[in-house]
Structure formats: structure tokens, C-alpha cells
Amino acid sequence: MKHYDLFIGGAAAKPQSGVWFDSINPYTGEVWAKIAKADSNDVSAAVASAKAAFEGWAGTHPSQRGRLLYKLADIIEANAERLAEIEVRSNGKLYAEMLGQLRYLPQWYRYFGGLADKIEGAVLPTDKANIFNFTRYEPLGVVALITAWNSPLLLLSFKLAAALAAGNTAVIKPSEFTSASALEFAELCVQAGFPKGVVNVVTGLGAETGQILCRHPDVAKISFTGSDATGAKIAEQAGKDLKRVSLELGGKSPNIVFEDADQEAAVMGAISGIFAASGQTCIAGSRLLLQSTIHDKFMARLLEVARAAKVGDPMNPDTNVGPVATEPQYKKVLGYLDIAKKEGAKCVLGGGPYTGPGAKGNLFVEPTIFTGVNNKMRIAQEEVFGPVLAVIPFKDEAEALAIANDIPFGLAAGVWTKDVGRMIRMSEKLRAGTVWVNTYRAISYMSPFGGYKRSGMGRENGQDEIYEYLQTKSVWIATETAAVNPFVMR
Ligand code: NAD
């Protein structure tokens, strides 16, 4: 049994509470690690360590910050298999998926490492005589990075690479369900040579450790990935405390298939939108909007492919669908299956717990498809975060758009069509932070990602993100000094 301590000031630190909690392998149901529970003293120690490191890190030459981020990227690459296995043990997602993420992760550190010494202010023309005015971008200070359990190190890297490149120091609070990988990751930061205190990790429950961290007066910004319910609470408190906040929240994304689309590609896109990662992705294409003219034929092929999906051990390379990650999540998913049935949606695949070949532990849900869904139903409006697809028919482009946008969320949308004009019209009118056309689930460190509406605020990835971790200073220098009337504005 592995015991994980906290990570504060560049080293493992025992929790002052003396309490450790269980990390459970969702596939086997067994406790595989004990994780330290940080109390307010531990959080204060982590924030103090990050605060003490801030001046030095912010003052480190940006090229040197970049070099360390590059070095970290190489170390992550060398540890990808090991870290991917830890992720699978914690959240039960497919090893193939987690290894793909881990092998991709170094790119975030290289991209933002490269950007670190290209953060440029500007010399601005002004209307004032004899004034030289320029802007500087400066880091914020200590940032709190709080993440969800579904892709722990990927979600962390979406934040950490930019935050560090910009010159901030960090206190990370990973999900209580998947804490181990962040603690292992922090050790790699030491190997890379980051100064003590630049990266710290506190582990514990959200409503305890997470909340204490968010409220700490020395935390300048909270960058959060998780549910809209928690995001709203954090934003409310951050408003009272006047802290900056950025939020990456849930979704209920429409995947829209028109009659002129490449049908086989769209079927695969629909499957990848909902059954990959057992539907536990914020960008799940959990509402499949099908043009009525192709509905029955499309469904026949979709069901054929979905039925062939292999459920089982996430470490097995042949497995397509693994368990749900946590017991609360499992119960939530089953609850939505009941809700959908009561609402009158027609269950055409699955619809309950999976106990067939490959199942182990108690957290498998059958890949499930409901047809005849009306967009007003809860199964169409609320995020399930499991392998559950709601299929909604539509007549034409206008109706597809109306249904797609009639939702509180706006994280992503998929469009399948060969009509170039429609691609452009749809991408303009869909109210979502990401629109994919004839593809789905494409993400890159180079392209901004984030939500409209209740899916969040702020952007991660791409050059946009660096400004989430910077503040602008405007500097005014008089080129000729003169004694002027002090009682009027210059
Ligand atoms: P969650 O909101 O329950 O928890 C997220 C994190 O917040 C965890 O680390 C948790 O410990 C912490 N937390 C909980 N309450 C807190 C509080 N009061 N103060 C501070 N921290 C607190 O979400 P989850 O179940 O871990 O993750 C699933 C959700 O995350 C889904 O809604 C999913 O769509 C969303 N998600 C969004 C993105 C994105 O980039 N938009 C990516 C992945 C997941």
C-alpha cells in the first residue's frame, strides 16, 4: 500500500492532521493508496511556501523559466507510462487513453516554456505631451489550481504550464479521487530543478481543503476545473473576497449530424463523443442531434458499433469502455437512467449496471442510448458524465441550431456535413467555446479551450491563456519635468 504525503516547499510533508484517506481503484474496488488530508495549517504552510518562492520565481529570467519547463517536459516524457498507470489505478479510465494524454502532456510545457520569454508589453502612443507610456505584463502571485478526476494530469497541465511560464507560483489541489498523480508529478518538478515552493500540492476533500485554499488571503487567483455547481460556489466566494477566478466547467454538448454528412465518419464521431472514456469527459457529445431523414439508418449502424464495444479491464488494450470512476458518480449515472425512462425516452441500448464479461468491482454501467428524446427533458439538459447518449431528431438547420443552443451549457459542439456554407453558418451560430466540424474531441495546447454560458469563464491553452495568469501595468514617464498645477488631472 502506497502512502502519499503532501508536497510543500519542494519536499514531501506529513499532514498536520495526521489523517490519510483511501484512494480506491474503480476497476478492482480495492484501496490501493492512502492520501494525506491537508487541514488549514497545511494549506497555510503550502501557501506560505508558494508566497516565499514568488519574488524569486517572478524575477527569474523568463528564458530560464522556459528552460526549466522544457526540462520538465522531457522528464514527463520519460515517466509517461508510470504516470498513466497511476491515473488508471485512480480513475479507471483506459490505459490507452491515459497513456495518450501523458505522452501528449510534455507539449504543454514546451509550448508555454517557449512563450515565457515572449510576453511583451507595448510602447503606447498617448494624447499627453512629454510622456513616455509603456505596459508591462506581470504575474499575479500565488495561484490555486483545483482540478477534477477525469483527466487529472492533463487538466492540471492545462493550468500549470501557463501559470509557471507567466511567473506565478502554485498550490495545486487535485480531486480527492485522483490525488496520487499530482503528488508524483510534483516530485518530477524537483527533478527538473524548479526552486522550492514554486509548485506545492495539498490533498483532501473539496469542501474542506479546497475551500480553505480558495479562501486563503494570499491566493491571488483560483483556476478551477470541475462541475458548474462547485464552480458557482467558488465564483461567489471569490467575488466576496475579490479574487480572480477562471472556471472550466461541465457541458451537454450537441453532436449534430446532417443528411449530407459522411455517415460512417459521423457514426464513429458519435461513438467517440459519448462512449470514449465512458462518457466521463466535459466535452462528451451527450446530445446526438440527427436529421430525421437519416435517423433510422444512422441509428441501426450506431447500435451495431456500440454493441461491439468491449467493456472491461481498463488496462487491457482491447477494452473500449471501462468502469465509472467513483461510487457517487456511478449512483448519479444510474439515477439519470431512471429519470430518462420516467421522462418517456426510449432506451434502445443498455440502461442499467453492466455485469457481463470483463466486469469487476461494482462500478460498470452499460453503454446506454435513449432515442425519442425531447430537448426539454432532464436527460437532454443536465450533465450525466457517463456512457449515456440522448438522441434528438431535427428537421432542418434552423431547428438543429435552436435545439443545440437551447441549453444552459456551451462547452463544445460537433457538426457533421459536407456543405461548406453550412459549416461556416453553424460554427458562427453555435453558442459554444469549441466547434468541431467533421471531427470530435480534438484538443491541442495550441488552441484556446473554454466555455460559453454555464460551461465556464476564461480560456486555457493557446496564447490566450497566458493572460489569465498576468496583470497589466501601465507605466508613465515624464520626458520633461515641470512643476504643474497639482489640483487638476494631467
Ligand atoms: P467537482 O466540482 O465535484 O470537483 C472538482 C474539484 O473541486 C475537486 O478537486 C474537488 O475536491 C474540488 N472542490 C469541490 N468542492 C469545492 C469547494 N467548495 N471549494 C474548493 N474546491 C472544491 O467536479 P468533479 O466531479 O471532480 O469533476 C467532474 C466535473 O468536472 C464535470 O462537471 C465535468 O464536466 C467537469 N470538467 C470540466 C472540464 C473543462 O475543462 N471544462 C474538464 C474536466 C471536467
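Scroll up a little and you will see the structure.
As the structure is a computational prediction, the values presented were derived from the model and not from experiment.

Participant: Residues and numbers for a nonpolar patch on the surface, please.
Facilitator: There is a patch of nonpolar side chains on the surface, built from Met-1, Ile-24 and Val-31 and spanning about 270 Å² of accessible area. The class of Met-1 is exposed, set by a relative accessible area of 61%.

Participant: Lay out the nonpolar core with the relevant residues and their values.
Facilitator: Grouped together as the largest cluster of nonpolar side chains are 97 residues, with contacts concentrated most on Tyr-109, Phe-194, Phe-298, Leu-302 and Ile-369. Setting aside anything within four residues of it in sequence, one finds Leu-302 in contact with Val-267, Ala-270, Ile-271, Leu-288, Ile-369 and Leu-389. Counting residues in each nonpolar core, the second largest holds 32 residues, with Val-365, Val-388, Ala-390 and Ala-400 among its members.

Participant: Please give an account of the sheet that holds strand E16 (residues 368-371) that cites residues and values.
Facilitator: Picture the strands of a sheet paired through backbone hydrogen bonds; they go either parallel or antiparallel. Read across the open sheet, the 7 strands follow the order E15-E16-E17-E14-E13-E19-E20; overall the sheet is mixed. Two strands lie at the open edges of the sheet, namely strand E15 (346-349) and strand E20 (434-437), each paired on one side alone. Direction aside, neighbouring strands of the sheet carry axes that sit 25° apart on average. Judged from the 4 bridges that link them, strand E13 (residues 254-257) and strand E14 (residues 287-291) form a sheet pairing that is parallel. Paired with Asn-255 across the two strands is Leu-288, which belongs to E14. Contacts from helix H10 (residues 263-274) reach E13, E14, strand E17 (388-394) and strand E19 (412-416), with the element oriented near 170° to E13.

Participant: Describe the pattern of salt bridges, with residues and values.
Facilitator: Considering all chains together, one arrives at 30 salt bridges under this definition. Glu-138 serves as the salt-bridge partner of Arg-136, at 2.7 Å between the closest nitrogen and oxygen. Since its relative accessible area comes to 40%, Arg-136 is described here as partly exposed. Among the ionic pairs, Glu-138 bridges to Lys-473, the shortest N-O distance being 3.1 Å. Taken together, the residues span a long stretch of sequence, with Glu-138 in strand E7 (residues 131-139) and Lys-473 in strand E23 (residues 470-478) at a distance of 335 residues.

Participant: Could you give me a rundown of the site of the ligand, with the residues and numbers involved?
Facilitator: Taken together, the neighbourhood of the ligand is formed by 29 residues, with Lys-173, Glu-176, Thr-230, Leu-249 and Glu-383 sitting nearest. A distance of 2.8 Å separates an oxygen atom of the ligand from a polar backbone atom of Thr-147. Glu-248 places a side-chain nitrogen or oxygen 3.4 Å from an oxygen atom of the ligand. The cavity that encloses the ligand is the largest pocket. Elements with a minimum of two residues in the shell around the ligand: helix H8 (206-215), strand E11 (219-225) and helix H9 (228-241). When residues of the shell around the ligand are assigned to their parent elements, the largest contribution, 5 residues, is made by H8. Taken together, the residues of the shell around the ligand break down into 14 nonpolar, 11 polar and 4 charged.

Participant: I'd like to hear about the layout of surface pockets, residue by residue, with values.
Facilitator: Taken as a whole, the largest pocket spans an internal volume of roughly 1100 Å³. Forming the walls of the largest pocket are 44 residues, and the residues nearest its centre are Phe-224, Thr-225, Gly-226, Ser-227 and Thr-230. Elements supplying a minimum of two residues to the lining of the largest pocket: helix H6 (152-165), H8, E11, H9 and helix H12 (327-343). Classifying every residue of the lining of the largest pocket gives 19 nonpolar, 15 polar and 10 charged.

Participant: Break down the side chain of Gln-280 for me, citing the residues and quoting the values.
Facilitator: As for its placement among the helices and strands, Gln-280 is situated in the loop between H10 and E14. At a separation of 2.9 Å, a polar atom in the side chain of Gln-280 contacts the main-chain amide nitrogen of Ala-325. Among all residues touching Gln-280, those that are not within four sequence positions of it are Lys-93, Trp-149, Asn-150, Pro-323, Val-324, Ala-325, Gln-329 and Phe-385.

Participant: An account of the environment of Asn-200 is needed here, citing residue identities and associated values.
Facilitator: By secondary structure assignment, the location of Asn-200 is in strand E10 (residues 199-201). Once the C-alpha coordinates of Asn-200 and Gly-10 are considered, the two residues, 190 residues apart in sequence, prove to be 7.2 Å apart. With near-sequence residues (within four places) excluded, Asn-200 lies in contact with Phe-7, Ile-8, Gly-9, Ala-46, Ser-49, Ala-50, Ala-170, Val-171 and Ile-172. Within the local environment of Asn-200, its side chain forms a polar contact with the backbone oxygen of Gly-197, the two atoms lying 2.8 Å apart.

Rules behind the numbers
- Residues numbered from 1 in each chain as written.
- Predicted model: local features only at pLDDT ≥ 70, side-chain atom pairs only at ≥ 80, totals over all residues.
- Heavy atoms only, no water.
- Patch = residues over 30% accessible without salt bridge, like charges linked within 9 Å, V, L, I, M, F, W, Y side chains within 5 Å.
- Areas by Shrake-Rupley, 256 points an atom, 1.4 Å probe, with all protein chains shown as cover.
- Salt bridge = Lys/Arg side-chain N within 4 Å of Asp/Glu carboxyl O.
- Buried < 20%, exposed > 50% of the residue type's maximum accessible area, 1.4 Å probe, protein only.
- Core = buried A, V, L, I, M, F, W, Y, C linked by side-chain atoms within 4.5 Å.
- Contact = heavy atoms within 4.5 Å.
- Pairing = 2+ DSSP bridges.
- Helix = DSSP H or I, 4+ residues; strand = E, 2+ residues; numbered from the N terminus.
- Axes fitted to C-alpha atoms, helices over the stretch in contact; angles between N-to-C directions.
- Near = heavy atom within 4 Å.
- Polar contact = N/O pair within 3.5 Å; in protein donor to acceptor, adjacent residues only side chain to side chain.
- 1 Å grid on protein atoms, 1.4 Å probe; cavity = no way out; pocket = protein on both sides within 12 Å on 5 of 7 lines; lining within 4 Å.
- Sits in = over half its atoms within 2 Å of the grid points.
- Nonpolar A, V, L, I, M, F, W, Y, C, P; charged D, E, K, R; others polar.
- Points joined across faces, edges and corners; volume = space filled by probe spheres on them.

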